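Listed here are the chains, written in short residue letters.
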Amino acid sequence: MELYENEQKPQRALLISVDYGAFDAEASMEELYALAESAGAEVVGSMIQKLDKPIGASYVGSGRLEEIAELCKTQEIDLIIADDELTPVQIRTIEDTADVRVIDRTMLILDIFALRANSKEGKLQVETAQLRYMLPRLTGKGIQMSKQGGGIGTRGPGETKLETDRRHIRRRLDALGEKLDEIEKRREQLRQRRKKDGVITAAIVGYTNAGKSTLMNFLTDAGVLEKDQLFATLDPTSRALKLPNGVSVMLIDTVGFVRRLPHQLVKAFRSTLEEAASADIIINVCDASNEEALLHLDVTQKLLEELGCADTPVITVFNKSDLIEDPSIIPNISKGVRISAKKGTGIDALLTAIEDNLPVRMHRVKLMLPFAKAGISAEIRKSGTLFSEEYTADGIEVDALVDDILYAKVKEFAEE
Ligand SMILES: Nc1nc2c(ncn2[C@@H]2O[C@H](COP(=O)(O)OP(=O)(O)OP(=O)(O)O)[C@@H](O)[C@H]2O)c(=O)[nH]1
Ligand SMILES: [Mg+2]
């Protein structure tokens, strides 16, 4: 388990949840467990209470709250994490009764992002999301509690800002917004340039910990951090990948998704997510050894649709197939491939799938073909458009329109 550098020992956490039928509380709790460990907590226990809806003042029922308070004492718990977004009142009630810090799922995820953010952009994005979350929750008690001791839920660039007033936070948000707009503009320019240069992009997306970075590294030696922890990657990395048919695509590895991703985060990370959403091809990776793989694929797909890329071709990748004893349990869906990014199996099928989904891009070329390559003219006649062909002393001069695949073959003969 990872320890935050300022902490002597991991915080002992109790996970609580109210099951009111809005989502699969058990599965979500399991995920909360992994998230809490990723943040450096030691999970001591978890409890789920079935209710028609969460109690307005205290989230859980009063009897349950007493049990929680008791457990906090006997188990020396430092932190309660609720698997939902809590209101300031709910947080305060639980804190007052149990006398330990309370954070919710959103704060926990924001905290992990704060821990992982490396780039300037990543830090600005996390701070923005934290402040947006804090702003409507600024109450005297909340601030007071957040000053105590630090730890999970208080880290990150927003930490010192929590103590300042709302107006200050709004000003800070404006400033952050401007900086992020600037970065977004630069990114957009870069995308436009790529498009103009005919660069084809393929984004590797998917649930956190699905093996996106491992796949990226296997395909391109990108050296991206691959780790058995949630949200290991926050900043997009891109590397060129040459396909067997000769066409080069730009692969992009990016931030992972999780169910009920806080909307403040989605908003703050929009530019990063758009990097994926604006790709020509989307490679949706899931951990096929996870029971919830199909749901993970779905969460990712829905978020991508929200980002406006319902029409982009998606290749579904069932990764970690090496961990599955009976591969027949992996659904056989069209445009789906089974791979192991770690062992390097199934990669040929993936590359073929990428080739099959390449956007058709045409290139106008003027070529000087050596006489020995006269066959290429015939190929152009078949799959492209041959405008003119002239035999000269130096070779065959050709003016033609060709697609990417043909272009990869003929570009060495292209004249400037
Ligand atoms: N057994 C097995 N493990 C894998 C495979 N691919 C990735 N892993 C492991 O899964 C863990 C997560 O891999 P990453 O590549 O960091 O996952 P990611 O999707 O980039 O995760 P985030 O950046 O956190 O969203 C690492 O411990 C990898 O070694 C695979 O094919 N088989
Ligand atoms: Mg990664």
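Peer 1: Honestly, the overall build of the protein in this entry has me stumped. Any pointers?
Peer 2: Broken down by element type, the protein carries 14 helices and 13 strands. Principal axes of the C-alpha set define a box for the protein whose edges measure 90 × 55 × 40 Å. Here the protein holds 416 residues, and 40% of them are scored as buried. A sequence separation of at least 24 residues applies to 66% of the contacts in the protein between residues at least 6 apart.

Peer 1: For this particular structure, what's the right way to read the site of ligand 1?
Peer 2: The local shell around ligand 1 holds 22 residues, among which Gly211, Ser213, Asp228, Thr233 and Gly256 are the closest. Tallied by class, residues from the shell around ligand 1 come to six nonpolar, nine polar and seven charged.

Peer 1: Help me out: how do you make sense of the nonpolar core in this one?
Peer 2: For soluble globular proteins, nonpolar side chains are generally found buried alongside one another. Counting 88 residues, the largest nonpolar core has Ala36, Ile80, Ile81, Leu108, Phe113 and Ile283 as its most contacted members. Ranked by the residues each element gives to this core, the list is headed by helix H4 (residues 105–116), at seven residues. Apart from the residues within four sequence positions on either side, Ile283 is in contact with Ala202, Ala203, Ile204, Val205, Ile315 and Val317. Ranked by size, the runner-up nonpolar core spans 11 residues in total, among them Leu369, Ile380, Ala400 and Leu406.

Peer 1: Please clarify how the packing of helix H1 (residues 25–38) against H4 should be interpreted in this entry.
Peer 2: In helix packing, the relevant descriptors are the interaxial angle and the interaxial distance, both defined with respect to the helix axes. Between H1 and H4, the shortest axis-to-axis distance is 9 Å and the interhelical angle comes to 40 degrees. With respect to their mutual orientation, H1 and H4 come out oblique. Where H1 crosses over H4, the handedness of that crossing is left-handed. Across the interface between the two elements, Leu32, Leu35, Ala36 and Ser38 of H1 pack against Arg105, Leu108, Ile109 and Ile112 of H4. Along the lines of polarity and charge, the residues of the contact of H1 with H4 split into six nonpolar, one polar and one charged.

Peer 1: Is there a simple way to explain the sheet that holds strand E5 (residues 200–206) in this structure?
Peer 2: Hydrogen bonds between backbone atoms are what pair the strands of a sheet, whose relative direction is either parallel or antiparallel. Ordered by their spatial adjacency, six strands build an open sheet running E6-E7-E5-E8-E9-E10, and the pairing between neighbours is mixed. The open sheet is flanked by strand E6 (237–242) and strand E10 (336–338), the only strands paired with a single partner. Mean inter-strand twist for the sheet, computed between neighbouring axes without regard to direction, equals 25 degrees. Sheet analysis places E5 next to strand E7 (residues 248–253), joined by five bridges and oriented parallel. Paired with Thr201 across the bridge in E7 is Met250.

Peer 1: Sorry if this is basic, but what is going on with helix H8 (residues 212–220) here?
Peer 2: Side chains that are three or four residues apart share a direction in an α-helix, a result of its 3.6 residues per turn. Counting buried positions along H8 gives seven out of nine residues, so the element sits mostly inside the fold. Lys212, Ser213, Thr214, Leu215, Met216, Asn217 and Leu219 are the residues of H8 that are buried. In the stretch just after H8, Asp221 is the one whose phi turns positive, near 55 degrees.

Peer 1: Looking at this structure, I do not really get unusual backbone geometry. What am I missing?
Peer 2: Glycine aside, residues mostly have negative phi angles, and peptide bonds mostly take the trans form. With a phi angle near 75 degrees, Asn209 is a residue other than glycine that sits in the positive phi range. Of note, Asn209 is situated in the loop between E5 and H8. Given 22 C-beta atoms within a 10 Å radius, Asn209 is considered buried.

Peer 1: What's the story with the packing of helix H5 (residues 120–134) against helix H7 (residues 166–196) in this structure? I'm lost.
Peer 2: It is at 10 Å that the axes of H5 and H7 come closest, and there the two elements cross at 145 degrees. For the pair H5 and H7, the crossing hand works out as left-handed. Taken together, the residues of H7 that come into contact with H5 (itself represented by Glu121, Leu124, Gln125, Glu127, Thr128, Leu131, Arg132 and Met134) are Ile169, Arg172, Leu173, Leu176, Lys179, Leu180 and Ile183. The class makeup of the residues in the contact of H5 with H7 is eight nonpolar, two polar and five charged.

Peer 1: In this structure, what is going on with the sheet that holds strand E1 (residues 12–19)? I would like to understand it.
Peer 2: The four strands are arranged E2-E1-E3-E4 in an open sheet whose pairing can be described as parallel. Edge positions in the sheet fall to strand E2 (42–50) and strand E4 (101–104), since each of these pairs with one other strand and no more. Direction aside, the axes of adjacent strands within the sheet are offset by 25 degrees on average. Examined bridge by bridge, E1 and E2 share eight bridges and lie parallel to one another. The partner of Ser17 across the bridge, within E2, is Ile48. Where H1 meets the sheet, its contacts fall on E1, E2 and strand E3 (79–82), and the angle it forms with E1 comes to roughly 160 degrees.

Peer 1: How do you make sense of H5 when you look at a structure like this?
Peer 2: Taking 1.5 Å per residue as the helical rise, H5 with its 15 residues ought to reach 21 Å, and the 21 Å between its terminal C-alpha atoms agrees with that figure. Most of H5 sits inside the fold, with 13 of its 15 residues counted as buried.

Peer 1: Looking at this model, I keep getting lost on the environment of Glu127. Mind explaining?
Peer 2: Within the secondary structure, Glu127 sits in helix H5. In sequence terms Glu127 and Ala175 are 48 residues apart; their C-alpha atoms lie 11 Å from each other.

Rules and cut-offs
Residues numbered from 1 in each chain as written. Chains lettered and ligands numbered in written order. Predicted model: local features only at pLDDT ≥ 70, side-chain atom pairs only at ≥ 80, totals over all residues. Helix = DSSP H or I, 4+ residues; strand = E, 2+ residues; numbered from the N terminus. Buried ≥ 20, exposed ≤ 12 C-beta atoms within 10 Å, placed from the backbone. Contact = placed C-beta atoms within 7 Å. Near = placed C-beta within 6 Å. Nonpolar A, V, L, I, M, F, W, Y, C, P; charged D, E, K, R; others polar. Core = buried A, V, L, I, M, F, W, Y, C linked by C-beta atoms within 7 Å. Axes fitted to C-alpha atoms, helices over the stretch in contact; angles between N-to-C directions. Parallel < 35°, antiparallel > 145°, perpendicular 65-115°, else oblique. Left-handed = near helix turned anticlockwise from the far one by under 90°. Pairing = 2+ DSSP bridges. Expected span 1.5 Å × (residues − 1).

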